[in-house]
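One letter stands for each residue in the lines below.
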Amino acid sequence: MLRLPYRVAVSLLVMGALFLAMLNFAQASEVTYRVVNVAANDVLNVRDRAGVSGSRIVGVLPPGTGGVVWTGQQGRSGDGGLWYRVIHPRTPTGGWVNARFLAEEASVAPPASAEPPGSLFKDHTAPNLDYKVVGVATNDVLNIRSGAGVEHGIIGMFPPDARHVRITGRINTLPSGAVWVEVRSATLPNGVGWVNGRFLDRM
């Protein structure tokens, strides 16, 4: 049996944990939350750990605050309550809040200028053309999902500077107006997956 040196084994474990954390964050950050169930004259405390007991307040979010991003981390307090670790411009270093004070924000269709026209993918020659990933931050990835929409599981990803992406020609326009496109990739389980078309453009 092959035995890896201790330092190599530890490095592999750390890299694996970081990869999983990145997947969790990428999946969670596609949905934003709004502060709910907080009185108009009160605030939602952001704490340095899950739970009130023994924790320290590191920030506050006024009622109705939107754009709260869940990092993918969750925990249980001593009383069994579910807590999420979140980030927001008011608390850029992140912190923990009770999940019952967050509600998922409704998806809003992106402005017309941000969504590529359907003809970009409907052209009968489109499956023979090369595309590139656009509009993705350099420290982020474009998730490839098993179906059209963020409710489907992540099965792969494109780096923010990916080029020579090929599509199958299948598209799906969601009620929000977002156009999702089926793409080809040899690294995917069945060779195909779905991405939001707003992040693709012709090369």
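This report concerns the structure included in the present document. (Residues numbered from 1 in each chain as written. Predicted model: local features only at pLDDT ≥ 70, side-chain atom pairs only at ≥ 80, totals over all residues. Heavy atoms only, no water.)

### Some details on the overall build of the protein chain
Inference 1: Helix and strand counts for the protein chain come out as two helices and 14 strands.
Inference 2: Considering only contacts within the protein chain whose residues lie at least 6 apart along the sequence, 56% involve residues at least 24 apart.
Inference 3: Carbon together with sulfur atoms contributes 54% to the accessible area of the protein chain, which is approximately 12,000 Å² in total. (Helix = DSSP H or I, 4+ residues; strand = E, 2+ residues; numbered from the N terminus. Contact = heavy atoms within 4.5 Å. Areas by Shrake-Rupley, 256 points an atom, 1.4 Å probe, with all protein chains shown as cover.)

### A word on the packing of aromatic side chains
Inference 1: Taken as a whole, this structure holds three aromatic pairs when the rule is applied.
Inference 2: Geometrically, the ring pair formed by Tyr-33 and Tyr-84 is edge-to-face, given 6.4 Å between the ring centres and 65 degrees between the ring planes. Residue Tyr-33 is located in strand 1 (residues 32–35), and its partner Tyr-84 is located in strand 5 (residues 82–88); the two are separated by 51 residues in the primary sequence.
Inference 3: With a relative accessible area of 13%, Tyr-33 lands in the buried category.
Inference 4: Plain terms: the ring middles of Trp-70 and Tyr-84 are 4.5 Å apart, the flat faces sit at 20 degrees to each other, and that makes the pair stacked. (Phe/Tyr/Trp six-rings, centres within 6.5 Å; stacked < 30°, edge-to-face > 60°. Buried < 20%, exposed > 50% of the residue type's maximum accessible area, 1.4 Å probe, protein only.)

### Some points on the nonpolar core
Inference 1: Core analysis: the biggest nonpolar cluster contains 18 residues, and Phe-121, Val-133, Phe-158, Val-165, Ile-167, Val-183 and Leu-200 have the highest contact counts within it.
Inference 2: The set of elements that each furnish at least two residues to this core consists of helix 2 (119–122), strand 8 (131–133), strand 9 (142–145) and strand 12 (179–184).
Inference 3: Considering every element that reaches this core, the biggest residue donor is strand 12, with three residues.
Inference 4: Not counting residues up to four positions away in its chain, the partners in contact with Phe-158 are Val-133, Val-141, Leu-142, Ile-144, Val-165, Val-183 and Val-195.
Inference 5: Residues Val-46, Trp-70, Ala-99 and Phe-101 belong to the second largest nonpolar core, which totals 14 residues. (Core = buried A, V, L, I, M, F, W, Y, C linked by side-chain atoms within 4.5 Å.)

### What about unusual backbone geometry?
Inference 1: Of note in this structure, Asn-37 is not a glycine but carries a positive phi near 60 degrees.
Inference 2: If you trace the backbone, Asn-37 turns up in the loop between strand 1 and strand 2 (44–47).

### Quick notes on the environment of Pro-189
Inference 1: Relative to the helices and strands, Pro-189 is located in the loop between strand 12 and strand 13 (192–196).
Inference 2: In this structure Pro-189 comes out as exposed when scored by relative accessible area, which is 63%.
Inference 3: Note: C-alpha distance between Pro-189 and Ser-146 (43 residues apart in sequence) is 9.4 Å.

### Here's the deal with the environment of Asn-37
Inference 1: Residue Asn-37 is classed as exposed on the basis of its relative accessible area, which comes to 61%.
Inference 2: Taking the C-alpha atoms as reference points, Asn-37 and Pro-63, separated by 26 residues in sequence, lie 7.7 Å from one another.
Inference 3: What Asn-37 contacts, discounting residues up to four positions off in sequence, is Arg-100 and Phe-101.
Inference 4: Separated by 3.0 Å, the side chain of Asn-37 and the backbone oxygen of Arg-100 make a polar contact. (Polar contact = N/O pair within 3.5 Å; in protein donor to acceptor, adjacent residues only side chain to side chain.)

### Thoughts on a nonpolar patch on the surface
Inference 1: Side chains of Val-43, Ile-57 and Val-60 sit close together on the surface and give an oily, nonpolar patch of about 200 Å² of accessible area.
Inference 2: Along the polypeptide, Ile-57 turns up in strand 3 (residues 57–61).
Inference 3: Overall, Ile-57 belongs to the partly exposed group, its relative accessible area being 42%. (Patch = residues over 30% accessible without salt bridge, like charges linked within 9 Å, V, L, I, M, F, W, Y side chains within 5 Å. Salt bridge = Lys/Arg side-chain N within 4 Å of Asp/Glu carboxyl O.)

### A look at the pattern of salt bridges
Inference 1: Taken as a whole and assessed by the stated rule, the structure comprises four salt bridges.
Inference 2: We note a salt bridge from Asp-48 to Arg-49, for which the minimum N-O separation is 3.8 Å.
Inference 3: Residue classification places Arg-49 among the partly exposed residues on the basis of a relative accessible area of 45%.
Inference 4: Across the pair Asp-48 and Arg-56 runs a salt bridge whose closest N-O atoms are separated by 3.9 Å.
Inference 5: Relative accessible area serves as the criterion here: at 31%, Asp-48 is assigned to the partly exposed category.

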